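# Examination of the molecular architecture
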Amino acid sequence: MPVNPAEVKLFKLLEAKAAAVPQKPLEQQSIAEFRAGADMFFEFAGKPADVKFENHSVPARDGYAIPMRIYNADLGRSPVLMMYPGCGYVFDLFETNAIACSRIAKEAGIKVILVNFRLAPEYPLPTAIYDGYDATQYIVTQAAQFQIEANKLFIGGISSGAHCAAVITNLARQDKQLTIQRQILINGYFDLTQSNHDYDEYEKEDKIFVRTAIMDFIFKQWGIKAENFKSPLFSPYYEPDLTHLPPTTIIVGEYDGLRNDSESYYQKLKAAGNAVTKIVLPGQTHNTMVMRSVLSDGEDPAHVIANSIKAEL
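What comes next is a walk through the structure.

Parameters and conventions
Residues numbered from 1 in each chain as written. Predicted model: local features only at pLDDT ≥ 70, side-chain atom pairs only at ≥ 80, totals over all residues. Heavy atoms only, no water. Helix = DSSP H or I, 4+ residues; strand = E, 2+ residues; numbered from the N terminus. Pairing = 2+ DSSP bridges. Axes fitted to C-alpha atoms, helices over the stretch in contact; angles between N-to-C directions. 1 Å grid on protein atoms, 1.4 Å probe; cavity = no way out; pocket = protein on both sides within 12 Å on 5 of 7 lines; lining within 4 Å. Points joined across faces, edges and corners; volume = space filled by probe spheres on them. Buried < 20%, exposed > 50% of the residue type's maximum accessible area, 1.4 Å probe, protein only. Right-handed = clockwise from strand over helix to strand, strands pointing away. Parallel < 35°, antiparallel > 145°, perpendicular 65-115°, else oblique. Left-handed = near helix turned anticlockwise from the far one by under 90°. Contact = heavy atoms within 4.5 Å. Salt bridge = Lys/Arg side-chain N within 4 Å of Asp/Glu carboxyl O.

### A few points about unusual backbone geometry
- With an omega of 5°, the peptide bond running from alanine 120 to proline 121 counts as cis.
- With respect to the helices and strands, proline 121 occurs in the loop between strand E4 (111-115) and helix H5 (127-141).
- With an omega dihedral of 10°, the bond running from leucine 125 to proline 126 counts as a cis peptide bond.
- Its location among the elements puts proline 126 in the loop between E4 and H5.

### A short note on the sheet that holds strand E6 (residues 180-186)
- Taken in spatial order, the 8 strands of this open sheet run E1-E2-E4-E3-E5-E6-E7-E8, and their pairing is mixed. Edge positions in the sheet fall to strand E1 (53-59) and strand E8 (276-281), since each has one partner strand and no second. For this sheet, the mean inter-axis angle between neighbouring strands, taken without regard to orientation, is 20°.
- For strand E3 (residues 78-84) and strand E5 (residues 148-158), the ladder comprises 6 bridges, and the chain directions are parallel. Following the sheet pairing, methionine 82 is matched in E5 by isoleucine 155.

### Considerations on empty space enclosed by the protein
- Counting across every chain of the model gives 1 cavity of 30 Å³ or more.
- Empty space within the largest cavity amounts to approximately 40 Å³.
- Lining of the largest cavity is provided by Pro85, Cys87, Phe91, Asp92, Leu93, Phe94, Asn116, Phe117 and Leu119.

### Details of the pairing of strand E7 (residues 248-253)
- Summarising burial for E7: 6 of the 6 residues are buried, a large majority.
- Residues of E7 alternate between two faces, with Thr248, Ile250 and Val252 on one and Thr249, Ile251 and Gly253 on the opposite face, all of them buried.
- One crossover worth recording links E7 to the parallel E8 by way of helix H10 (residues 259-271), and it is right-handed.

### Focus on the packing of H5 against helix H7 (residues 160-172)
- With their axes 10 Å apart at the nearest point, H5 and H7 run at an angle of 60° to one another. Our classification of the angle between H5 and H7 gives oblique. As for how H5 packs across H7, the hand of that crossing is right-handed. Contact residues: Ala128, Ile129, Gly132 and Tyr133 in H5; His163, Cys164, Val167, Ile168, Leu171 and Ala172 in H7.

### Observations concerning the layout of surface pockets
- Considered as a void within the structure, the largest pocket measures approximately 1,200 Å³ in volume.
- Gln23, Gly37, Met40, Phe41 and Ile208 are, among the 41 residues lining the largest pocket, the residues nearest its centre.
- Sorting the residues of the lining of the largest pocket by element identifies helix H1 (5-20), helix H2 (31-36), helix H3 (39-43) and helix H9 (211-222) as the ones contributing at least two each.
- The biggest single contributor to the lining of the largest pocket is H1, with 5 residues.

### Topic: the pattern of salt bridges
- Under the counting rule described, the total for this entry stands at 16 salt bridges.
- Of the charged contacts in the structure, one is a salt bridge between aspartate 261 and arginine 211, with a shortest N-O distance of 2.7 Å. Pair noted here: aspartate 261 is in helix H10 and arginine 211 is in helix H9, with a separation of 50 residues, a long-range link.
- Since its relative accessible area comes to 3%, aspartate 261 is described here as buried.
- According to the relative accessible area criterion, arginine 211 is buried, its value standing at 12%.
- Sharing partners across several salt bridges, the network here consists of Asp62, Arg118 and Asp131.

Purely spatial values, then, with no claim about function.
See below:
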């Protein structure tokens, strides 16, 4: 099907705004100027679901206090979904992602914990990934304190959050404390070399997430040399052994600007013998879940995530 009308309408609105107030070419922008453009995500995120939440912090391996938000905090002992935010590892989009997490929590009826990892370039990768890992490990090892069922641990994220979740899932195979019931990866990137091009024509329809320009700028902020792009810590697609992973749900917008990554990683996981489900969201693009007040056509990706969880409980 074509790109959803709501997405097309927003693209035209943003194009008109850009024409009225031209910006510097992306390669000439400072990180502060680049981050200023993130205001629109919160503007269009919509209203949070009516779910009780609490803010906490947990220790990272270097002593940093990792902020996080627990939705459905008033539940008793509950399964838990650990979520990592979509932000390119550079934008402060915690509150934007939190709105989407509140919808997941409302529909899934379990605790949802959003981790606020540190951002690049101030904290180069893999700092954010380790923050996500450390927060997850701490929650599981302190299950009684947080009233979660450690044996019913889901992890997930959108975009960079999906990247973070995939790396954590791969690392967790060596950690007896972490048993992940399912990973849920939404519109993620998994191959920093950008080597797959089967869905280029679909990706070109996403006018907000323009792969080459945005990813090249973001990669520079991460502090990773190009020769390390194939490291499994940064490109889970290149993990040499992808066997024995937990069941995986890959959710991707039909016209996601990163669809090549989801499709190729799905094939890699499937070829390795894993139980993996792919869900393509018709007409949707990269930011549909986090800009839900305007990108309102089709099924809410948060609803799809909640259903994936409820099917396991």
